[in-house]
Every structure is written in structure tokens, then in C-alpha cells.
Amino acid sequence: MLDFDGTLVPYASETRLIPEVDPRLPGLLERLVQRTGGATAIVSGRGVAEFDKLLGPIQLAISGAHGFEFRAAPNSPIEFGLAGENLNRIVEGLERLFALSSAWAEKHRGVYVERKSLTVVLQFHDALEIADLACQFAFDTCKVMPDFALQAGRGVAEFRPVVADKGCGIGRLMARVPFSGRIPVFIGDDLADEAGFLIVNSLGGISIRVGPGESNAPYRLQDTREVLAFINSIAA
């Protein structure tokens, strides 16, 4: 199971909101799917539908939007953490969060806002000196919007539905064929991935952190290049 931004691809930037995908990546992931008998998945804050565009023509099992969206296998329907009026309330809240975050970002150089399918991300990779200020804004905003929680990360403050995190998404994957009964492996790079590392560790699996920083993951890869080389060694 693989995180995407910062793990398989470099982070987006103010001038490139859509991450740059190495053209070799879809083929590499396809080989990994074959090598693992289909037990390969993306675990990300991005929505499921985004990956069909980013990685097409291949499709993968995906836990998206921090576990709020879920596709158990290629060509399977997308499942959601909530339905009906509750889901509509989340969508309406995201519109409000995007407007509030955009207005705040306009006042701070080097900050931009990305709207994912069911999250809103305040990006400040190019303005790390205002990290505390950005996180305080996000924290204060969540106080008045209790359907959402702050997911702080390296250069980001992300608003996600409170019912979702990557640990929940990994748990759902591990309950489904072909993942069930296997030893889980999860590679991620950021604070949002720590919930995933915890669930993987509790299942006796292997968790791998990309880059520096304290982590619940006992293993380490330095950057996206090392991640791709590691995957290639498995998929070969």
C-alpha cells in the first residue's frame, strides 16, 4: 500500500497544482499489481477519481480522501464513509472551507489552496516560515466547523472529514480480498500517514517512512527516487 504525494511523486507547487507523474510510474505499478496478485493499493488524501486521471489507463484499489472514499478493486464502485444528507453536508462544508481558505491564502505570499474530492488543502511548501500561522488558522476554522478535522503535514494544513483517516482506509483494505490474510506493507512520508503506520504495525506489518522526521515507522527510504527503486526491485 502506497501513499502518493511525497512518496510516489514530488509534491505539487504553487505553479503546478497537479503533481508531475513520471511516465514510467503507471507501468511500474501495473507490474507491482501482477507481482502481488492484485494486492497493491494507493492510500491517499486525493480522491479515487483523481487517480484514474493521474495514472490512467491503469486502475488500482484505492483508499482516497483519507479513507473517506474507497474502491476495493479496479472497476469496483466507489464507496463513501457517509451517504445521503450527511454526505451533502460534508460537500457543502468543503465549499465553505475552500472559500475561507482561499481568502486567507490571498493575504499570504507563497500559500495556495487545493480542492481535492473530499478535502481542502492549504499548501505552504514555499512559505514554511508561516507554518504556525497557517495551522492556527486551520485549527480555529475547525472549531466552528465540527464536521472537519485538521490534518497537519509537512508544508500543508488539510481539512478532512472527522470520520476519516488513513488508518481507517488501510483497515478496510485489509478486510477485503486480495489483501486479507496478508502481511500489510505501507509506505508514506507525512504526518497524515502516521495513522496508517500504526494500524500496519498493529497487524504485524511493515511500515516505511519516506524522508526525515520522527515516525512510528521502523523503516526508512530517503526520497521518491528510492521508493521507485524499491518498488522496481519487488516488481521485477
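Keep in mind the model is a prediction, meaning the values are calculated, not measured. (Residues numbered from 1 in each chain as written. Predicted model: local features only at pLDDT ≥ 70, side-chain atom pairs only at ≥ 80, totals over all residues. Heavy atoms only, no water.)

## With respect to unusual backbone geometry
Move 1: For the bond from G56 to P57, the omega torsion is 10°, close enough to zero to count as cis.
Move 2: With respect to the element layout, P57 can be found in the loop between α2 (48-54) and β2 (61-64).
Move 3: V177 connects to P178 through a cis peptide bond whose omega is 10°.
Move 4: On the secondary structure map, P178 appears in the loop between α5 (166-174) and β9 (185-188).
Move 5: A positive phi is found at A65, a non-glycine position, where the angle reads about 50°.
Move 6: By the element assignment, A65 lies in the loop between β2 and β3 (69-71). (Helix = DSSP H or I, 4+ residues; strand = E, 2+ residues; numbered from the N terminus.)

## Considering helix α1 (residues 25-35)
Move 1: Listed as buried for α1 are L25, P26, L28, L29 and L32. All buried residues of α1 lie within an arc of 160° about the axis, which places them on one face of the element.
Move 2: Buried residues along α1 sit in contact with α7 (224-235).
Move 3: Taken from the residues just after α1, G37 is the one with a positive phi, measuring 65°. (Buried < 20%, exposed > 50% of the residue type's maximum accessible area, 1.4 Å probe, protein only. Arc of directions from axis to C-beta. Contact = heavy atoms within 4.5 Å.)

## Regarding the nonpolar core
Move 1: V111 and L122 are the most contacted members of the largest nonpolar core, which totals 25 residues.
Move 2: Contributing elements (two or more residues each) for this core: α3 (84-105), β6 (120-123), α4 (131-143) and β8 (156-161).
Move 3: It is α3 that contributes the most residues to this core, 6 residues altogether.
Move 4: The next biggest cluster of nonpolar side chains, apart from the first, holds 23 residues, and it includes L8, L25, I58 and A235. (Core = buried A, V, L, I, M, F, W, Y, C linked by side-chain atoms within 4.5 Å.)

## Comments concerning the sheet that holds strand β1 (residues 41-43)
Move 1: Within the open sheet, the 4 strands sit side by side as β1-β2-β3-β4. Their pairing is mixed. Looking at the sheet topology across the chains shown, the edges are occupied by β1 and β4 (79-80).
Move 2: Looking at chain direction, β3 and β4 are connected through 2 bridges and run antiparallel. Looking at β4, one finds that E69 is bridged to F80. (Pairing = 2+ DSSP bridges.)

## Description of the pattern of salt bridges
Move 1: Within the structure shown, the criterion is met by 15 salt bridges.
Move 2: The partner of K166 in a salt bridge is D3, and the shortest N-O contact between them spans 2.9 Å. In this pair, K166 is assigned in helix α5 and D3 in the segment before α1, connecting sequence segments 163 residues apart. Neither residue differs from the other here; K166 and D3 are each classed as buried.
Move 3: In this structure, a network of salt bridges that share partners links the residues D5, R46, E50 and E114. (Salt bridge = Lys/Arg side-chain N within 4 Å of Asp/Glu carboxyl O.)

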